Amino acid sequence: GQQLNQSPQSMFIQEGEDVSMNCTSSSIFNTWLWYKQDPGEGPVLLIALYKAGELTSNGRLTAQFGITRKDSFLNISASIPSDVGIYFCAGQPSNTNAGKSTFGDGTTLTVKP
Amino acid sequence: DTGVSQDPRHKITKRGQNVTFRCDPISEHNRLYWYRQTLGQGPEFLTYFQNEAQLEKSRLLSDRFSAERPKGSFSTLEIQRTEQGDSAMYLCASGTVNTEAFFGQGTRLTVV
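First, a word on what this report is: a plain description of the structure on this page. (Residues numbered from 1 in each chain as written. Chains lettered and ligands numbered in written order. Predicted model: local features only at pLDDT ≥ 70, side-chain atom pairs only at ≥ 80, totals over all residues. Heavy atoms only, no water.)

## Notes on the state of the cysteines
Then, number 1: The final tally for this structure, using the stated rule, is 2 disulfides over all chains.
Then, number 2: Between the sulfur atoms of C23 of chain A and its disulfide mate C89 of chain A the distance is 1.9 Å. Looking down the S-S bond of the C23 of chain A and C89 of chain A bridge, the torsion is 40 degrees, so its handedness is right-handed. Linking C23 of chain A in strand β3 (residues 19-25) with C89 of chain A in strand β9 (residues 85-92), this pair joins segments that are 66 residues apart in sequence. For the pair shown, C23 of chain A and C89 of chain A are each scored as buried.
Then, number 3: The disulfide bridge from C23 of chain B ends at C92 of chain B, spanning 1.9 Å between sulfur atoms. Because the torsion about its S-S bond is -70 degrees, the bridge between C23 of chain B and C92 of chain B counts as left-handed. Taken together, the residues C23 of chain B in strand β3 (residues 19-24) and C92 of chain B in strand β9 (residues 88-95) connect sequence positions 69 residues apart. (Disulfide = S-S within 2.5 Å. Helix = DSSP H or I, 4+ residues; strand = E, 2+ residues; numbered from the N terminus. Buried < 20%, exposed > 50% of the residue type's maximum accessible area, 1.4 Å probe, protein only.)

## Some words on the environment of R108 of chain B
Then, number 1: Mapped onto the elements, R108 of chain B comes out in strand β11 (residues 107-111).
Then, number 2: Taking the relative accessible area as the measure of exposure, R108 of chain B reaches 33% and is therefore partly exposed.

## Observations concerning the sheet that holds β3 of chain B
Residue and element names in this part refer to chain B.
Then, number 1: Strand order in the open sheet formed by 4 strands is β1-β3-β8-β7, and the pairing between neighbours is antiparallel. Two strands in the sheet have a free side with no partner beyond their single neighbour: β1 (5-7) and β7 (65-68). Strand-to-strand, the axes of this sheet are offset by a mean angle of 15 degrees, without reference to chain direction.
Then, number 2: Where β3 meets strand β8 (residues 75-79), 5 bridges bridge the pair, whose relative direction is antiparallel. From the neighbouring strand, C23 faces β8, where its bridge partner is S75. (Pairing = 2+ DSSP bridges. Axes fitted to C-alpha atoms, helices over the stretch in contact; angles between N-to-C directions.)

## Quick look at the nonpolar core
Then, number 1: Membership of the largest hydrophobic core comes to 21 residues, with the highest contact counts inside it found for W34, L74 and L109 of chain A.
Then, number 2: Elements with a minimum of two residues in this core: β2 (10-14), β3, β4 (31-37), β5 (44-49), β7 (61-65), β8 (71-76), β9 and β11 (107-112) of chain A.
Then, number 3: Within the second largest apolar cluster, 19 residues are counted, among which are L32, A67, A88 and C92 of chain B. (Core = buried A, V, L, I, M, F, W, Y, C linked by side-chain atoms within 4.5 Å.)

## Describing the environment of W32 of chain A
Residue and element names in this part refer to chain A.
Then, number 1: Assignment of secondary structure puts W32 in strand β4.
Then, number 2: The class for W32 is buried, based on a relative accessible area of 0%.
Then, number 3: Excluding residues within four positions of it along the chain, W32 makes contact with L4, C23, S25, I47, A48, L49, F65, R69, K70, D71, S72 and A90. (Contact = heavy atoms within 4.5 Å.)

## A few points about the interface of chain A and chain B
Then, number 1: Of the residues lining the interface, 22 residues belong to chain A; the matching set on chain B comes to 23 residues.
Then, number 2: Summed over both partners, the interface of chain A with chain B buries about 1,700 Å², with 46% contributed by carbon and sulfur atoms.
Then, number 3: Counting across the chain A and chain B interface gives 2 salt bridges.
Then, number 4: The residue K100 of chain A makes a salt bridge to E56 of chain B at a minimum N-O spacing of 2.4 Å.
Then, number 5: The interface formed by chain A and chain B holds 8 residue pairs in polar contact (both at pLDDT 80 or more) in total.
Then, number 6: Secondary-structure elements contributing two or more residues to the side of chain A that touches chain B are β4, β5 and β9 of chain A.
Then, number 7: Classifying every residue of the side of chain A that touches chain B gives 9 nonpolar, 10 polar and 3 charged. (Buried area = accessible area lost by both parts, 1.4 Å probe. Salt bridge = Lys/Arg side-chain N within 4 Å of Asp/Glu carboxyl O. Polar contact = N/O pair within 3.5 Å; in protein donor to acceptor, adjacent residues only side chain to side chain. Nonpolar A, V, L, I, M, F, W, Y, C, P; charged D, E, K, R; others polar.)

## Concerning the sheet that holds β8 of chain A
Residues and elements named next belong to chain A.
Then, number 1: Taken in spatial order, the 5 strands of this open sheet run β1-β3-β8-β7-β6, and their pairing is antiparallel. Strands at the two margins of the open sheet, each flanked by one partner only, are β1 (4-7) and β6 (55-58). Put simply, the sheet's adjacent strands are angled 15 degrees from each other on average, direction ignored.
Then, number 2: As defined by bridge partners, β7 adjoins β8 across 5 bridges and the pair is classed as antiparallel. Along β8, the bridge assignment pairs Q64 with F73.

This is the structure in structure tokens:
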């Protein structure tokens, strides 16, 4: 089946630093999504990407849909302590079943004040 | 609060018992999804409904699992004869055909 490889698995950074994480797939996706999950909570959608090459921002977060449609990147600028959590990428192979996604295994972000 | 609501938030059960979880979606959403998430992994798709019709089931959904959405509103997920490997967070999400899904807070199941 489809698999998403997310890296890095974890990151320990200082408050104020920028963060980059990425996700690659063995197959093509037509939608890429980035979620954040806090402990004991469900994932919260941060950014949705629908077109190859698309670059979308949400505050300090910027995500890109890779040109090959097999990868996506998430950048967080000027990190703050509340950025702590697990970031998941997710992909959908078609645009006809929004909501059914294949998830990566997450990048755990720790921000030191 | 008009988000996706799941009940209970936590459930501890003995191996072999049956458990049932409930999900109340956002009211105008006609699609409802169930996912399972184990520690250190991302959510894995289990099944989804459009209104009351169950349109797709993952191979992860063994015969011991059954989901229903009888009136096209709330949904239940039942696990019969629970096993320790069923311990996980069960996440419900709702959306529409044209929108991404919003997740609930999940039900954490521990089978002892």
